[in-house]
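As a plain string of letters, each chain reads:
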Amino acid sequence: MSQNLVLVLNCGSSSLKAAAIDYKTGDVHFNAVAERLNLSDAFMTFKYNDEKTVVDLSAKPHHVGAIETMMEKLHELGLDQNIKSVGHRVVHGGEFYKESVLIDEDVVDKVEQCITLAPLHNPANLVGISAAQQVFFNVPHVAVFDTAFHQSMPEKAYIYGIPYELYEKHGLRRYGMHGTSYRYVAAQAAKMLNRPEKGLAMVIAHLGNGASISAVLDGKCCDTSMGLTPLEGLLMGTRSGDVDPSVYSFLHEQEGWSLEEITELLNKKSGLLGVSGVSNDYRTVEAEALSGNRRAQLALDIFAYRLAKYVAAMTVATGRLDALVFTGGIGENSKDMRAKMIGYLGFLGLQIDDQLNAEARFGKFGIITKSQYPLALVIPTNEELMIAQDAARLAGLS
Ligand code: ADP
């Protein structure tokens, strides 16, 4: 049994995901998911050695209850003593954090200050930190921020074209998300190409339910598509991505909708779901399009077209392109999306290799283009491993 375990925690307002990961090998030894927290039918699912157990949490349906229950399970399995550090996924670190940190009171205070920037996520992350500190009280806790990787962007990439005072007063600017995934994928891409990250110009597309794209030069982010919130940029599962901000006043005037209703519309009812009218799930929309649904096809067309437009835009930030990298559920699996998208980018020198492209899915990765450079690559992301490695390093374990 591994002695090198780090517990990686990802807390949402009504859910908690945890994994005990060997920070040296990346092996996942234990998984836990708590759902419907703060409701009377909260429950938790554990996975260990291919065995799945579901535990009722109704007696203590909150984050502390879930973490205590998980601790009892880890103890029962003899794993609790092997957990040497806890790594917390924290969504927003504002301008405070350019990298991961050991959590102390000051960090908690700063994550609290960032609540205005991530009102749905940071409070849940703080609840998770406090609950985990109570239960795992004798190991270091580390915060790994989704925003940190993007803090290297230059001002011209993150300042919006609105009065500068609003940036100074409220920190209203582009922050970007998925930073932990970008950092992992950028390092893996360099390894795969057998080159140092320094000197590599990459555009990386993280395409999951939420989707974003970043320009990465010398291992550092120089621009990204998500903004103040994860709404900006690409077409996503339920999020619109870029729209004219006047959509707010237009819909208010024409439909009488409130700010909250329009925000909900743009975040939860738009994107692939809104255009196709079928689903937010890329696979489902693909299947519908294949069976002749015109709006499903349109949703896929917008997805690929906007993505290609963004790749070209991101090469302005990097100055050139060595590698275009796909990751996230859609990026790792949809060969048709990749082929269609790369079809727009022949002028950058990218040319898809149909066979390599067809082979790169379901966890397989590699180069999918014919060209020498620039290349297109598929690399499965592993944010949990990145968090585990940061938590181990900052705890002085590696
Ligand atoms: P999350 O952002 O929730 O972590 P994922 O990275 O798991 O999401 O990506 C989920 C998306 O990946 C969904 O839209 C899903 O349809 C898509 N996806 C997963 N497998 C495939 C596949 N084989 N072909 C096309 N899309 C896929």
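Placed above this text is the structure.
Residues numbered from 1 in each chain as written. Predicted model: local features only at pLDDT ≥ 70, side-chain atom pairs only at ≥ 80, totals over all residues. Heavy atoms only, no water.

Asker: An account of the overall build of the chain is needed here, citing residue identities and associated values.
Answerer: Check the secondary structure of the chain and you find 15 helices and 14 strands. Scaling as 2.2 N^0.38, a compact globule of 398 residues should have a C-alpha radius of gyration of about 21 Å, and the chain matches this with 21 Å. A burial count over the chain gives 49% of its 398 residues as buried. Nonlocal contacts in the chain, meaning residues at least 24 apart in sequence, comprise 61% of its contacts between residues at least 6 apart. Per element, the accessible surface of the chain, about 18,300 Å² overall, is 52% carbon and sulfur. (Helix = DSSP H or I, 4+ residues; strand = E, 2+ residues; numbered from the N terminus. Rg over C-alpha atoms; globule rule 2.2 N^0.38 Å. Buried < 20%, exposed > 50% of the residue type's maximum accessible area, 1.4 Å probe, protein only. Contact = heavy atoms within 4.5 Å. Areas by Shrake-Rupley, 256 points an atom, 1.4 Å probe, with all protein chains shown as cover.)

Asker: Summarise the nonpolar core; cite the residues concerned and give the values.
Answerer: Within the largest apolar cluster, 41 residues are counted, with the highest numbers of intra-cluster contacts made by Leu 207, Leu 324 and Phe 326. Looking at this core, the elements with two or more residues in it are strand 9 (201-207), strand 10 (211-217), helix 10 (282-290), helix 11 (294-318), strand 12 (323-327), helix 13 (335-343) and strand 14 (375-378). The dominant element in this core, judged by the number of residues it contributes, is helix 11, at 9 residues. Among residues more than four places away in sequence, those in contact with Leu 207 are Ser 212, Leu 234, Phe 303, Leu 307, Phe 326, Thr 327, Gly 328, Gly 329, Ile 330, Gly 331 and Met 337. (Core = buried A, V, L, I, M, F, W, Y, C linked by side-chain atoms within 4.5 Å.)

Asker: Got a sec to walk through the packing of aromatic side chains? Specific residues and values, please.
Answerer: For the structure shown, the criterion picks out 8 aromatic pairs. Judged by centre distance (6.3 Å) and plane angle (55°), the ring pair of Phe 96 and Tyr 97 falls under tilted. Ring geometry for Tyr 164 against Tyr 167: centres 5.4 Å apart, planes inclined by 65°, an arrangement best described as edge-to-face. Taken together, the residues Tyr 164 and Tyr 167, both in helix 5 (residues 164-170) and 3 residues apart, mark about one turn of the helix. Each member of the aromatic cluster is reached from another via a ring pair, and the members are Phe 96, Tyr 97 and Phe 145. Stacked on the ring of Tyr 158, the Lys or Arg Arg 173 has its end atom at 3.5 Å from the ring centre. (Phe/Tyr/Trp six-rings, centres within 6.5 Å; stacked < 30°, edge-to-face > 60°. Lys NZ or Arg CZ within 6 Å of the ring centre and 35° of its normal.)

Asker: Break down the side chain of Thr 369 for me, citing the residues and quoting the values.
Answerer: Considering the arrangement of structural elements, one finds Thr 369 in the loop between strand 13 (366-367) and strand 14. Note on Thr 369: relative accessible area 4%, which makes it buried. Polar side-chain contacts of Thr 369 include one of 2.8 Å to the backbone nitrogen of Ala 376. If we ignore the near neighbours within four places in the chain, the residues touching Thr 369 are Ile 342, Leu 350, Gln 351, Ile 352, Asp 353, Leu 356, Pro 374, Leu 375 and Ala 376. (Polar contact = N/O pair within 3.5 Å; in protein donor to acceptor, adjacent residues only side chain to side chain.)

Asker: Explain the site of the ligand to me, using residue names and the numbers behind them.
Answerer: The environment of the ligand is made up of 13 residues, and the closest members are Asn 209, Asp 281, Tyr 282, Arg 283 and Gly 329. Between Arg 283 and the ligand, the recorded distance is 3.0 Å, taken from a backbone N or O atom to an oxygen atom. Taking Asn 333, its side chain carries an N or O atom lying 3.4 Å from a nitrogen atom of the ligand. When isolated, the ligand has an accessible area of 580 Å², and the protein chains bury 72% of it. Looking at the shell around the ligand, the elements that each hand over two or more residues are helix 10 and helix 12 (328-333). Tallying contributions element by element places helix 12 first for the shell around the ligand, with 4 residues. When grouped by side-chain class, the residues that make up the shell around the ligand number 3 nonpolar, 7 polar and 3 charged. (Near = heavy atom within 4 Å. Nonpolar A, V, L, I, M, F, W, Y, C, P; charged D, E, K, R; others polar.)

Asker: Which residues make up the sheet that holds strand 6 (residues 83-90), and what are the values?
Answerer: Spatial ordering of the open sheet is given by 5-4-3-2-1-6-8-7, a layout of 8 strands whose pairing is mixed. The two strands at the open ends of the sheet, each matched to only one other strand, are strand 5 (51-56) and strand 7 (101-102). When strand 1 (residues 5-11) meets strand 6, the two strands line up parallel, connected through 5 bridges. Considered in strand 6, the bridge of Leu 9 is made with His 88. The strands touched by helix 1 (residues 63-76) within the sheet are strand 1, strand 2 (16-22), strand 3 (28-35), strand 4 (43-48), strand 5 and strand 6, with strand 4 carrying the most contacts at an inclination of about 30°. Helix 3 (residues 122-135) rests against strand 1, strand 6 and strand 8 (141-145) of the sheet, and its axis sits at about 165° to strand 6. (Pairing = 2+ DSSP bridges. Axes fitted to C-alpha atoms, helices over the stretch in contact; angles between N-to-C directions.)

Asker: Report on the sheet that holds strand 14, specifying residues and quantitative values.
Answerer: Pairing is mixed in the open sheet, where 6 strands are placed in the order 11-10-9-12-14-13. Pairing within the sheet leaves two strands with one partner each, and these edge strands are strand 11 (220-224) and strand 13. The pairing of strand 9 with strand 10 spans 7 bridges and is classified as antiparallel. Bridging from a neighbouring strand, Leu 207 pairs with Ala 211 of strand 10.

Don't take any of this as a statement about function, it's just geometry.
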